[in-house]
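Listed below, chain by chain, are the residues.
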Amino acid sequence: MFDAMDVGILSFVIAALAADWGLSSSQMGWIGSINSIGMAVGALVFGVFADKVGRKKIFMWTLIIFSVASGLSALTTTFAAFMLLRFFVGMGLGGELPVASTLVSESVEAKERGRVVVLLESFWAAGWLIAAIISYFVIPTEFWPIEGWRVALILTAIPALYAVYIRMHLPDSPQFTARSEAKSRTIRQNIAGVWEKKYARSTLMLWILWFTVVFSYYGMFLWLPSVMVGKGFDLISSFKYVLIMTIAQLPGYFTAAYFVEKFGRKFVLVTYLIGTAASAYVFGNAETVTVLLISGILLSFFNLGAWGALYAYTPEQYPMVIRGTGAGMAAAVGRIGGIFGPLLVGYLLKAQYEIGFIFGIFCVSILIGVAAVLFLGKETKQIELE
């Protein structure tokens, strides 16, 4: 929830910063991309260390890093300083997400593991909802002498306090705690293990899937408020529409949580990603408020349901000794896609390409991810984890 609140607020802050600091569309794209560069580094580094020192310790430190850096970014007065702090925010976020799903997947029985991990990810929608509410009421408001967007970012530092609770009350993964051989393996062995013959097909599938999904998600969702302003809606109105679209994420997650145990991970990923591609195409070419709103709701519904299944599916591809490394590396490759997505939108808008054309690129990307799951993926529903 806290992760999504930060990412969600950033998408609104970008639109506000463009007005306050006179940013170009390419600079706006770089703000989203520097976040993803940090996430790529964080996912790789913290995923690897989660297999060495434990899931809980890494989970706690990533939370502190992203919360403190996000709060400090509220104090910046230059574009360069803001970008530097957003890199550290990204590092914390990128590390926390795969480590959290690994921790939960190792703490739940096989018969309900997929459902529980998807429900864990459903709190991403709750975070976006909070971000939309904060952005609607806080960012357009002037808290003299502090701008509204700075107040919104200060609020994102609050989650750092939650690390104290985690330190005192959260148990580590029972699988990791019980298996001492995980700690004796070197980082090099773990990284190489992901590409052993037994896991190479799964690794290739995950890397393609993560890249295409993250590329399209960050390209589309970080730009939603700005795209709507570009289509003629004022900033406050765009917040209203994004708030409505965000609410649609919750049924997306809940239905995916049900289907992921009933029909399997591959079914949910393929179905929901195809739904995402179709919705993105309609959204990018929408000419009326009604079409924009309905396609935006469906985009949120399908895309976030697919994300939930992705986080359930990823840790299940590997044994415990390399699970954090495998999930972290896949997420890191995905974050590389997250670097290019927002940048691509910024540069194509600058070159005066239509929004419909840009969203068409994301449709193709998502369909490549679908093909990877269909032809390379294996079903992991209710199997016991090694």
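None of these values were measured; they are calculated from a predicted model. (Residues numbered from 1 in each chain as written. Predicted model: local features only at pLDDT ≥ 70, side-chain atom pairs only at ≥ 80, totals over all residues. Heavy atoms only, no water.)

Caption draft 1: Looking closely at the domain arrangement of the protein. The domain boundaries assigned to the protein delineate domain 1 (1–169) and domain 2 (188–385). Domain 1 and domain 2 are separated by 18 Å when their C-alpha centres are compared. The junction of domain 1 with domain 2 conceals about 4,700 Å² of combined surface from both sides, 71% of it contributed by carbon and sulfur atoms. Three residues, R113, V118 and Y136, lead the burial of domain 1 against domain 2; their summed loss comes to 12% of the area buried on that side. Taken together, domain 1 and domain 2 are joined by 2 salt bridges. Residue R113 is joined to E316 by a salt bridge in which the shortest nitrogen-to-oxygen separation is 2.8 Å. Summed over the shared surface of domain 1 and domain 2, the number is 14 residue pairs in polar contact (both at pLDDT 80 or more). Sorting the residues of the side of domain 1 that touches domain 2 by element identifies α1 (2–21), α2 (25–53), α4 (79–105) and α5 (110–137) as the ones contributing at least two each. Per-element accounting of the side of domain 1 that touches domain 2 gives the leading share, 19 residues, to α5. (Domains from an automatic or database assignment. Buried area = accessible area lost by both parts, 1.4 Å probe. Salt bridge = Lys/Arg side-chain N within 4 Å of Asp/Glu carboxyl O. Polar contact = N/O pair within 3.5 Å; in protein donor to acceptor, adjacent residues only side chain to side chain. Helix = DSSP H or I, 4+ residues; strand = E, 2+ residues; numbered from the N terminus.)

Caption draft 2: Fine view of empty space enclosed by the protein. Applying the stated rule across the entire model yields 1 cavity of 30 Å³ or more. Of the pockets and cavities examined, the largest cavity occupies roughly 80 Å³. Taken together, L97, E121, W124, Y217, Y218, Y253, L304, W307, Y311 and R335 make up the lining of the largest cavity. The set of elements that each furnish at least two residues to the lining of the largest cavity consists of α5, α11 (197–221) and α16 (289–313). When residues of the lining of the largest cavity are assigned to their parent elements, the largest contribution, 3 residues, is made by α16. A breakdown of the residues in the lining of the largest cavity according to their chemical character gives 8 nonpolar, no polar and 2 charged. The residues that make up the lining of the largest cavity include at least three from each of domain 1 (1–169) and domain 2 (188–385). (1 Å grid on protein atoms, 1.4 Å probe; cavity = no way out; pocket = protein on both sides within 12 Å on 5 of 7 lines; lining within 4 Å. Points joined across faces, edges and corners; volume = space filled by probe spheres on them. Nonpolar A, V, L, I, M, F, W, Y, C, P; charged D, E, K, R; others polar.)

Caption draft 3: Main features of the side chain of R113. Tracing the backbone shows R113 in helix α5. In terms of polar contacts, R113 uses its side chain to reach the side chain of E316, at 2.8 Å. Excluding its chain neighbours within four sequence positions, the residues that come into contact with R113 are S105, V108, E261, R265, E316, T380, Q382, I383 and L385. (Contact = heavy atoms within 4.5 Å.)

Caption draft 4: Structural context of the nonpolar core. W124, W210 and W307 are the most contacted members of the largest nonpolar core, which has 110 residues in total. Sort the elements by how many residues they give to this core and α11 lands first, with 12 residues. When residues of this core are sorted by domain, at least three fall in each of domain 1 (1–169) and domain 2 (188–385). Those residues within four positions of W210 in sequence are excluded, and the remaining contacts are W307, L310, Y311, T314, A330, A331, G334 and R335. (Core = buried A, V, L, I, M, F, W, Y, C linked by side-chain atoms within 4.5 Å. Buried < 20%, exposed > 50% of the residue type's maximum accessible area, 1.4 Å probe, protein only.)

Caption draft 5: Just the packing of aromatic side chains, in detail. One pass over the full model with this rule turns up 27 aromatic pairs. Taken together, a centroid distance of 6.2 Å and an interplanar angle of 85 degrees make the contact between W21 and F82 edge-to-face. You can see W21 sitting in helix α1 and its partner F82 sitting in helix α4, a full 61 residues away along the chain. Here the aromatic rings of W195 and W207 are separated by 5.1 Å at their centres, their planes lie at 85 degrees, and the arrangement is edge-to-face. Here W195 is found in the loop between α10 (187–193) and α11, whereas its partner W207 is found in helix α11, with 12 residues between them in sequence. Judged by relative accessible area, which is 37%, W195 ranks as partly exposed. Given a relative accessible area of 23%, W207 falls into the partly exposed group. Ring pairing ties together the aromatic residues W210, Y217, Y218, W307 and Y311, which thus form one cluster. (Phe/Tyr/Trp six-rings, centres within 6.5 Å; stacked < 30°, edge-to-face > 60°.)

Caption draft 6: Region of interest: unusual backbone geometry. One non-glycine residue with positive phi stands out, namely Q352, at about 65 degrees. Assignment of secondary structure puts Q352 in the loop between α17 (320–350) and α18 (355–376).

Caption draft 7: Seen up close, the pattern of salt bridges. Taken as a whole and judged by the stated rule, the model has 9 salt bridges. The closest approach of N and O atoms between R55 and E106, which form a salt bridge, is 2.7 Å. Of this pair, R55 sits in helix α3 (residues 55–72) while E106 sits in the loop between α4 and α5, placing them 51 residues apart in sequence. What emerges from the salt-bridge pattern is a single network uniting D51, R55, E106 and R323.

Caption draft 8: Geometry of helix α14 (residues 249–262). Across its 14 residues, α14 extends 20 Å between first and last C-alpha, which sits within 8% of the 20 Å expected from 1.5 Å per residue. Inspection of α14 places Q249, G252, Y253, A256, A257, V260 and E261 among the buried residues, and these make up the whole buried set. Looking straight down α14, one finds that the buried residues subtend no more than 140 degrees of arc, so they occupy a single side. Just beyond α14, the residue with positive phi is G264, at close to 105 degrees. (Expected span 1.5 Å × (residues − 1). Arc of directions from axis to C-beta.)

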